[in-house]
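# Summary of the model geometry
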Amino acid sequence: MSTSIKQPQVITCKAAVAWGAGQPLVVEEVEVNPPQPEEIRIKVVCTSLCRSDITAWETQAIFPRIFGHEASGIVESVGPGITEFNEGDHVLTVFIGECKTCRQCKSDKSNTCEVLGLERRGVMHSDQQTRFSIKGKPVYHYCAVSSFSEYTVVHSGCAVKVSSIAPLEKICLLSCGLSAGLGAAWNVADISKGSTVVIFGLGTVGLSVAQGAKVRGASRIIGVDTNPEKCEKAKAFGVTEFLNPNDNNEPVQQVIKRITDGGADYSFECIGDTGMITTALQSCCDGWGLAVTLGVPKLKPEVAAHYGLFLSGRTLKGSLFGGWKPKTDLPSLVNSFYQLADLHPLPFQMRLWSYDVV
């Protein structure tokens, strides 16, 4: 008696498609091809809007395109040869993958995979083709995820299996913004107890840095934002003081140096403005001050800073996805999420839905 293996077929579903830079997204019927070798197809359960999506939608030239890279979902089908995933597995998507074999993946000093790094051309890592189409014409991917679709196809190295009891509608944020902020505080800066921290930009990433600083025992967490409505919300996430640059007659870095007796121990630029990177560096103290940049700039990618800032002992570091190795670190981070929720129930449970994207 012969047996047959069910082969994945093309799926027709709805997706929010961007047809041009800055143009409103349109909900369209799209065809999603079956996963190829080393790929899985995911039913997207929850997706978040990241500032990076907005920046790319406003400025990039690859269209039509399906944006979205921060998502949780359930594996619908797997490509040939896939053994790591099965239908029904709960997963997080990630915009940088982990092959576990390249030089960067083998090093404990990096999380930037040489094989599955940032995908900028709107195609799959494996064959440089798309898995989306409308009436036979290709629709391009974004960051190898494209979660603004009911179904999407990703490389198996760009998905992380997580516990089936983890609420997908909440851990979705761990696939980008929340992990980026926590990791910047814990892995990149390694914030010490009793330190002073200043955070520029109180969106998802900035608030996550604040949570990470609070868990590490920072004594002062200064949040800087031009939106006064974020003041009270930020305090729920651990911010102890709020500064609005528009409320002061002197540059904000001078205000920070004055109120901290010489500058913060750590500063974080979470806006995506290279001018603010310089401001964050100037806000640090001499000797050991560390500035970490997390934002993706919309314009002017070059950073300018006086050499004297570095001669005085300050350090500037970049942070991509908080330094986490996605497949190695995210499962345990998801589990730690529950422990943190028990220790800090206000920010990690009740306030989870209060994240802002800008």
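Conventions and cut-offs
- All residue numbers here refer to positions counted from 1 along the written sequence of the relevant chain.
- Whole-chain, interface and lining totals are the exception, using all residues; otherwise, since this is a predicted model, local features are given only for residues with pLDDT of at least 70 and side-chain atom pairs are given and counted only at 80 or more.
- By convention in this description, side-chain values take in all heavy atoms of the structure and omit both hydrogens and water.
- Comment: elements are numbered from the N terminus, with helices defined as DSSP H or I runs of at least four residues and strands as E runs of at least two.
- Atoms counted for the radius of gyration: C-alpha only. Globule rule: 2.2 Å times the number of residues to the power 0.38.
- Categorising residues by exposure relies on relative accessible area from a 1.4 Å probe, with only protein chains included: less than 20% of the type maximum marks a residue as buried, more than 50% marks it as exposed, and the intermediate range marks it as partly exposed.
- Note on contacts: a residue pair qualifies if any of its non-hydrogen atoms lie within 4.5 Å across the two residues.
- Per-residue and other accessible areas were derived by the Shrake-Rupley procedure at a 1.4 Å probe size, with only the shown protein chains allowed to occlude residues.
- Only strands joined by at least two bridges in the DSSP assignment are considered to pair.
- Grouping buried Ala, Val, Leu, Ile, Met, Phe, Trp, Tyr and Cys residues that are joined through side-chain atoms within 4.5 Å yields what is termed a nonpolar core.
- For every element, the axis is a line fit to its C-alpha atoms; helices are fit only across the contacting stretch, and the angle between N-to-C directions ranges from 0 to 180 degrees.
- Relative orientations are named as follows: roughly parallel for angles under 35 degrees, roughly antiparallel for angles over 145 degrees, roughly perpendicular for angles from 65 to 115 degrees, and oblique for any other angle.
- Each crossing is labelled by how the near helix is turned from the far one, with a counterclockwise turn of less than a right angle marking it left-handed and a clockwise turn marking it right-handed.
- In this classification, the charged set is Asp, Glu, Lys and Arg, the nonpolar set is Ala, Val, Leu, Ile, Met, Phe, Trp, Tyr, Cys and Pro, and all remaining amino acids, among them Gly, are polar.

Looking only at helices and strands, the protein chain features eleven helices and 15 strands. Its C-alpha atoms give the protein chain a radius of gyration of 21 Å, near enough to 21 Å, the size a compact globule of 358 residues would have. If one aligns the C-alpha atoms of the protein chain with their principal axes, the spans along those axes are about 80 × 40 × 40 Å. Counting all 358 residues of the protein chain, 54% fall into the buried class. Considering only intrachain contacts with a sequence separation of at least 6, the fraction spanning at least 24 residues in the protein chain is 71%. By element, 52% of the accessible surface of the protein chain is carried by carbon and sulfur atoms, the whole surface being about 16,100 Å².

Attention now moves to the pairing of strand β4 (residues 70-78). As paired strands, strand β3 (residues 39-48) and β4 are joined by eight bridges and run antiparallel to one another. Among the inter-strand pairings, Arg 41 is bridged to a residue of β4, identified as Ser 77. Pairing of β4 with strand β5 (residues 90-93) involves three bridges; the strand directions are antiparallel. Looking at β5, one finds that Ser 72 is bridged to Leu 92.

This part covers the nonpolar core. One finds Ile 191, Ile 199 and Phe 268 to be the most contacted residues of the largest nonpolar core, which totals 72 residues. No other element matches the six residues that helix α4 (residues 177-188) contributes to this core. The contacts of Ile 191, once residues within four sequence positions are left out, are Ala 185, Val 197, Ala 213, Arg 216, Ala 218, Tyr 266 and Phe 268. Grouped together as the second largest cluster of nonpolar side chains are 15 residues, Phe 200, Val 255, Ala 280 and Leu 281 included.

Remark: α4 packs on helix α5 (residues 204-215), axes separated minimally by 7 Å, with the N-to-C direction vectors making an angle of 40°. The orientation of α4 with respect to α5, classified from their angle, is oblique. Crossing angle aside, the handedness with which α4 passes α5 is right-handed. Contact residues: Gly 177, Leu 178, Gly 181, Leu 182, Ala 185 and Trp 186 in α4; Thr 204, Val 205, Ser 208, Val 209, Gln 211, Gly 212, Ala 213 and Val 215 in α5. Partitioning the contact of α4 with α5 into residue classes produces eight nonpolar, six polar and no charged.

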